[in-house]
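The lines below spell out each chain.
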Amino acid sequence: KKYILDLTVTENVRLHTNYVLLKLTSPSPLPEMLPGQFAELRVDGSPTTFLRRPISINYIDRQRNEVWFLIQLVGDGTKRLGEANKGDIINVVLPLGNSFTMPENPSDKLLLVGGGVGTAPMLYLGEQLAKRGSKPIFLLGARSDKDLLQLEQFAAYGEVYTTTEDGSHGEKGYVTQHSILDKVNFEHIYTCGPKPMMMAVAKYAKSKGINCEVSLENMMACGIGACLCCVENTTEGHLCVCKEGPVFNINKLLW
Ligand code: FES
């Protein structure tokens, strides 16, 4: 079931020049949302923006009845959202899309790989896995240390490893070059981030026979399967990422 809600901004945290963390609350309890799902946030007041922006669910704080969205300020719409002040109302449609698969039994061999703003859904996924007894391992990649976000929050739910392209944090290079991959026989990999990164992770998983799910970030507008701008060519034909995804098992993709 989808909800259209007017949510109130409780906090707008500038994480770094290009990212904000928006925390939104509702007068009534927020609905159930699964890790990997996303929301469409309405952007008000700009003639040059589309109506809504798809943003993945970063975290849900049930005690405070807050849903968190990590937003990269890339264009008009996201910049508008980034300017929201405490007390402002943002109209949100949620939850949208499918979700990551939870393991049948708790495991300490689950790898969550995030790149750039693609680390956002990994926080909620990690929290939900830890809540069910698993010990997720996070591998987060970025250009430099400034682009690594929410490291302390991640550390609350599992071990955190990082790579940066300039070597300013963790191991220098790409996530698929990190030494943790040689040390643990992972059972399942979850990943979200830039497409080249996800393709490299998928290739690694395939070569090792590891089950792997990716969250695609195809261009989206409507978010409900109506505009067809988000289609991905799969083993089952063209599927809307917003409706049939955003999470896909790599076996389904023609990568
Ligand atoms: Fe419109 Fe997917 S965003 S069909």
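Residues numbered from 1 in each chain as written. Predicted model: local features only at pLDDT ≥ 70, side-chain atom pairs only at ≥ 80, totals over all residues.

**Some words on the overall build of the protein chain**
No. 1: Along its length, the protein chain carries five helices and 15 strands.
No. 2: What you see for the protein chain is a C-alpha radius of gyration of 17 Å, in line with the 18 Å of a compact globule of 255 residues.
No. 3: Within the protein chain, the fraction of its 255 residues that count as buried is 44%.
No. 4: In the protein chain, the share of contacts with a sequence separation of at least 24, taken over all contacts with a separation of at least 6, comes to 60%. (Helix = DSSP H or I, 4+ residues; strand = E, 2+ residues; numbered from the N terminus. Rg over C-alpha atoms; globule rule 2.2 N^0.38 Å. Buried ≥ 20, exposed ≤ 12 C-beta atoms within 10 Å, placed from the backbone. Contact = placed C-beta atoms within 7 Å.)

**Overview of the confidence of the model for the protein chain**
No. 1: Across the protein chain, the average pLDDT comes to 95, with 98% of residues at or above 70.
No. 2: Predicted complex, confidence summary: ipTM 0.98, pTM 0.96. (pLDDT = per-residue confidence, 0-100.)

**Brief notes about helix α5 (residues 195–208)**
Residues spaced three or four apart along an α-helix face the same direction, because each turn holds 3.6 residues.
No. 1: Counted at 1.5 Å a residue, the expected span for α5 with its 14 residues is 20 Å, and the 20 Å between its end C-alpha atoms agrees.
No. 2: For α5, the full list of buried residues reads M197, M198, V201, A202, Y204 and A205. For α5, the angular spread of buried residues about the axis comes to 160 degrees, placing them on one side. In α5, those exposed residues whose orientation departs by more than 90 degrees from the buried face are P196 and S207.
No. 3: Looking at the buried positions of α5, the neighbouring elements they touch are β7 (110–115), β8 (137–142), α4 (180–183), β11 (188–192) and β12 (211–215). (Expected span 1.5 Å × (residues − 1). Arc of directions from axis to C-beta.)

**As for the pairing of β12**
The side chains of a regular strand alternate between both faces of the sheet.
No. 1: The buried fraction of β12 amounts to four of the five residues, a majority that puts the element mostly inside the structure.
No. 2: Across five bridges, the pairing between β11 and β12 is parallel. From the neighbouring strand, I189 faces β12, where its bridge partner is C212.
No. 3: With α5 bridging β11 and its parallel neighbour β12, the resulting β-α-β unit is right-handed.
No. 4: Relative to strand β15 (residues 247–249), β12 runs antiparallel, the two sharing three bridges. Residue pairing across strands places E213 opposite N249, the latter belonging to β15. (Pairing = 2+ DSSP bridges. Right-handed = clockwise from strand over helix to strand, strands pointing away.)

**Quick word on the domain arrangement of the protein chain**
No. 1: Here the protein chain is partitioned into domain 1 (3–96) and domain 2 (110–215).
No. 2: The C-alpha-based centres of domain 1 and domain 2 are spaced at 24 Å.
No. 3: Listed as interface residues are 12 residues of domain 1 and, on the opposing side, 12 residues of domain 2.
No. 4: The set of elements that each furnish at least two residues to the side of domain 1 that touches domain 2 consists of β1 (3–16), β4 (52–61) and β5 (66–72).
No. 5: Element by element, the count of residues in the side of domain 1 that touches domain 2 is highest for β4, at five residues. (Domains from an automatic or database assignment.)

**Quick notes on unusual backbone geometry**
No. 1: Here L94 and P95 are connected by a cis peptide whose omega angle stands at -10 degrees.
No. 2: Within the secondary structure, P95 is located in strand β6 (residues 89–96).
No. 3: We note that Q150 has phi near 60 degrees; this positive angle belongs to a residue other than glycine.
No. 4: By secondary structure assignment, the location of Q150 is in the loop between β8 and α3 (151–155).
No. 5: Given 22 C-beta atoms within 10 Å, Q150 falls into the buried group.

**Section: the sheet that holds β7**
No. 1: Sheet architecture is open: seven strands sit in the order β10-β9-β8-β7-β11-β12-β15, paired in mixed fashion. Since the sheet does not close on itself, it has two edges, and those belong to β10 (171–172) and β15, each with one partner.
No. 2: In the sheet, strand β9 (residues 159–164) pairs with β10 via two bridges, with the strands oriented parallel. Across the sheet, the residue bridging to T164 is K172, located in β10.
No. 3: Across the sheet, helix α2 (residues 120–131) lies against β7, β8, β11 and β12, angled at about 165 degrees from β7, the strand it touches most.
No. 4: Packing of α5 onto the sheet brings it into contact with β7, β8, β11 and β12, and relative to β12 it is tilted by some 170 degrees. (Axes fitted to C-alpha atoms, helices over the stretch in contact; angles between N-to-C directions.)

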